[in-house]
Amino acid sequence: MDDAAALSGAADTEPATAARRVFIKTFGCQMNVYDSERMSEALAAEGYVETADAADADLAILNTCHIREKAAEKVYSDLGRLRDIKRERAAAGKRTLIAVAGCVAQAEGEEMVRRAPAVDLVLGPQSYHRLPDLLGRLRNGERALVETTFPDEDKFQALPERSPARSVAAFLTVQEGCDKFCTFCVVPYTRGMEYSRPVVALVEEARRLVQRGVRDITLLGQNVNGYHGEGPGGEATTLAGLIRALAAIEGLLRIRYTTSHPRDMSDDLIQAHGDEAKLMPYLHLPFQSGSDRVLAAMNRKHTAAEYTDLIGRIRTARPDIALSTDIIVGFPGETDADFEATLSLVRELRFAHAFSFKYSPRPGTPASTMDGQVPDDIKRDRLALLQTVIDEGYVRFNGAQVGRRLPVLFEKPGRHAGQLVGRSPYLQLVHADADPAHVGRIVDVEIRAAGANSLSGVICGQT
Ligand code: SAH
Ligand code: SF4
Ligand code: F3S
């Protein structure tokens, strides 16, 4: 018997009425987090309940990320573990289906089932609404299904309604895909062309989330500020327009959005940061490199000076805005001088937060075959240096809050008894002793102490 046949496991012997269990592990960006929630909801309608234990699962889904090599490789080590579980469960007469969703699924397709024969289903990010149907086909004996087309129908419309919110803060995907084709990036290949969901559908979904207890919504998109969805009258609507439509929802207290591209930071969006009270003073705006030569090779379509000017305009509209960014070190051809330019931009612009990465060559992207690939030890040294500069920023930004009063939206109990944890407008975690009734409310907190990753304080009016 070949490995794949052995792994197909025992027949589905469970009675149809017994709850099936699904284990979902999510890698990568927030859009995958959102998609995993929607898949879980689609499966709940089919009688599945979630389990955190893969050994207990009738269906295991890995929702994967292809952005860097490490992220993609993790999937294969997890698949090894799931294969073993599938074998053990088969020996006990239980059937296990293994599905791979997300960006590795989209990028590798058929190749995945060849490399990991235990996989029953490979499902690209645009096809999640087909999940129940595909699972039915697997239960009827079909094997190794691969669904990675970009279908015409809107996956979000075809998914079931949102179930009760899990938290005070929720994600809402408003835009998918990317047409920018930065030369290092797989996203345009894994998520397809830009697509914006219509305003009416989004307002409706946000309203349902709010009815179920959500108070803080983060609008998601690979290029969220390029949003251009259809408005109620058929007109194209910008992200600023969408934010204003959502801000009218009573009970929704805070709106955020991520991830943005500097080129799409339009005047009306900057303006909204100045005058829309529900739009939080936090902006994630990746610049990737401080060197114009590298930016051009990356096809970023902006220079360092244009980025700096943009930040100036945003800070004019909203002086206290907290800025966050993404930076890549060791892009092909990056010299010490290019890297210095990145460091000085980080110092000059005073970011509250930043993600930094070693360049990782991705199959099929133009940069992966460029001359001048940078050796890993140089990338490592540059990353370490960059991270010390970034860490100085965290300490400075968090330290500056000590003594201030911040409106904190409490989300859940903290680690210690009697404590709640919430978020400041600048997305910092804030711990304070507080009545559990404060969950879901905004309460002023006087900040007493700042760490690198969180703040703590006391509720105003208490000592
Ligand atoms: N749409 C967003 C970014 C999505 S990917 C934007 O345009 O900024 C998130 C981050 O991963 C990117 O900002 C980039 O810094 C990093 N990244 C993408 N591809 C990478 C690669 N091949 N190697 C290292 N980092 C990469
Ligand atoms: Fe990737 Fe962002 Fe560039 Fe699009 S804009 S290609 S998602 S880095
Ligand atoms: Fe990763 Fe795909 Fe998101 S590659 S970062 S999961 S869009």
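Because the structure is a prediction, the values reported are computed rather than measured. (Residues numbered from 1 in each chain as written. Chains lettered and ligands numbered in written order. Predicted model: local features only at pLDDT ≥ 70, side-chain atom pairs only at ≥ 80, totals over all residues. Heavy atoms only, no water.)

## Remarks on the packing of helix H13 (residues 304-317) against helix H14 (residues 336-349)
Close contact between H13 and H14 brings their axes to 12 Å; oriented N to C, the two are set at 10°. Classed by the angle they form, the pair H13 and H14 counts as roughly parallel. The residues of H14 that touch H13, namely those facing Ala 304, Tyr 307, Thr 308, Ile 311 and Arg 315, are Leu 345, Glu 348 and Leu 349. Across the contact of H13 with H14, the residue classes break down as five nonpolar, one polar and two charged. (Axes fitted to C-alpha atoms, helices over the stretch in contact; angles between N-to-C directions. Helix = DSSP H or I, 4+ residues; strand = E, 2+ residues; numbered from the N terminus. Parallel < 35°, antiparallel > 145°, perpendicular 65-115°, else oblique. Contact = heavy atoms within 4.5 Å. Nonpolar A, V, L, I, M, F, W, Y, C, P; charged D, E, K, R; others polar.)

## Here we look at the packing of aromatic side chains
Counted by the stated rule, this structure contains six aromatic pairs. Residues Phe 287 and Tyr 307 carry aromatic rings whose centres are separated by 5.3 Å and whose planes lie at 45° to one another, so their mutual orientation is tilted. Here the residue Phe 287 occupies a position in the loop between strand S14 (282-284) and helix H12 (292-297), and Tyr 307 occupies one in helix H13, the gap between them amounting to 20 residues. Looking at Phe 287, the relative accessible area reads 0%, which means it is buried. (Phe/Tyr/Trp six-rings, centres within 6.5 Å; stacked < 30°, edge-to-face > 60°. Buried < 20%, exposed > 50% of the residue type's maximum accessible area, 1.4 Å probe, protein only.)

## Thoughts on the sheet that holds strand S6 (residues 145-147)
Taken together, six strands build an open sheet; the order of strands is S2-S1-S3-S4-S5-S6 and the sheet is parallel. Each having just a single partner strand, strand S2 (48-50) and S6 make up the two edges of the open sheet. Sheet twist, expressed as the mean angle between neighbouring strand axes with direction ignored, is 20°. Pairing of strand S1 (residues 20-26) with strand S3 (residues 59-64), which is carried by five bridges, proceeds in the parallel orientation. If you follow Thr 26 over to S3, its bridge partner there is Asn 63. Of the strands in this sheet, S1, S2, S3 and strand S4 (97-101) touch helix H2 (residues 30-44), which is tilted by about 155° from S3. Helix H3 (residues 69-91) rests against S1, S3 and S4 of the sheet, and its axis sits at about 180° to S3. (Pairing = 2+ DSSP bridges.)

## Re the pattern of salt bridges
Under the criterion given, the structure shown has 31 salt bridges. Residues Asp 58 and Arg 89 are paired through a salt bridge, measuring 3.2 Å at the closest nitrogen-oxygen approach. Of this pair, Asp 58 sits in the loop between S2 and S3 while Arg 89 sits in helix H3, placing them 31 residues apart in sequence. Of the residues examined, Arg 89 reaches a relative accessible area of 6% and is grouped as buried. (Salt bridge = Lys/Arg side-chain N within 4 Å of Asp/Glu carboxyl O.)

## With respect to the site of ligand 1
The full set close to ligand 1 counts 15 residues, and Gln 222, Pro 286, Gln 288, Asp 326 and Ser 360 are the nearest of them. At 2.7 Å from an oxygen atom of ligand 1 is found a side-chain nitrogen or oxygen belonging to Gln 288. Between ligand 1 and the protein, one listed contact pairs a nitrogen atom with a backbone N or O atom of Ser 360 at 2.8 Å. The set of elements that each furnish at least two residues to the shell around ligand 1 consists of strand S15 (322-329) and strand S16 (353-358). Residues belonging to the shell around ligand 1 are distributed by class as follows: six nonpolar, four polar and five charged. (Near = heavy atom within 4 Å. Polar contact = N/O pair within 3.5 Å; in protein donor to acceptor, adjacent residues only side chain to side chain.)

## Structural notes on the site of ligand 2
Looking at ligand 2, the residues that line it are Cys 178, Lys 180, Phe 181, Cys 182, Phe 184, Cys 185, Val 187, Pro 188, Asn 223, His 261 and Arg 300. Taken together, the residues that form the shell around ligand 2 break down as seven nonpolar, two polar and two charged.

## Some remarks on the layout of surface pockets
Empty space within the second largest pocket amounts to approximately 260 Å³. Gln 126, Phe 150, Pro 151, Glu 153 and Tyr 195 are the residues nearest the centre of the second largest pocket, which is lined by 13 residues in total. (1 Å grid on protein atoms, 1.4 Å probe; cavity = no way out; pocket = protein on both sides within 12 Å on 5 of 7 lines; lining within 4 Å. Points joined across faces, edges and corners; volume = space filled by probe spheres on them.)

## Description of the environment of Arg 350
Along the chain, the position of Arg 350 falls in the loop between H14 and S16. Look past the residues within four positions of Arg 350 in its chain and what remains in contact with it is Arg 315 and Arg 396.

## Examining helix H15 (residues 376-399)
With 24 residues, H15 ought to run about 34 Å at 1.5 Å a step, and its terminal C-alpha atoms sit 34 Å apart, in line with that. Within H15, the full set of buried residues consists of Lys 379, Arg 382, Leu 383, Leu 386, Val 389, Ile 390, Gly 393, Tyr 394, Phe 397 and Asn 398. As for H15, its buried residues are in contact with S15, H14, S16, strand S20 (442-450) and strand S21 (454-459). (Expected span 1.5 Å × (residues − 1).)

## Points about the domain arrangement of the protein chain
The domain boundaries assigned to the protein chain delineate domain 1 (3-147), domain 2 (161-280) and domain 3 (405-459). A straight line from the C-alpha centre of domain 2 to that of domain 3 covers 26 Å. At the junction of the two partners, domain 2 supplies eight residues and domain 3 supplies 13 residues. Summed over both sides, the interface between domain 2 and domain 3 buries roughly 740 Å², with carbon and sulfur atoms accounting for 61% of that surface. (Domains from an automatic or database assignment. Buried area = accessible area lost by both parts, 1.4 Å probe.)

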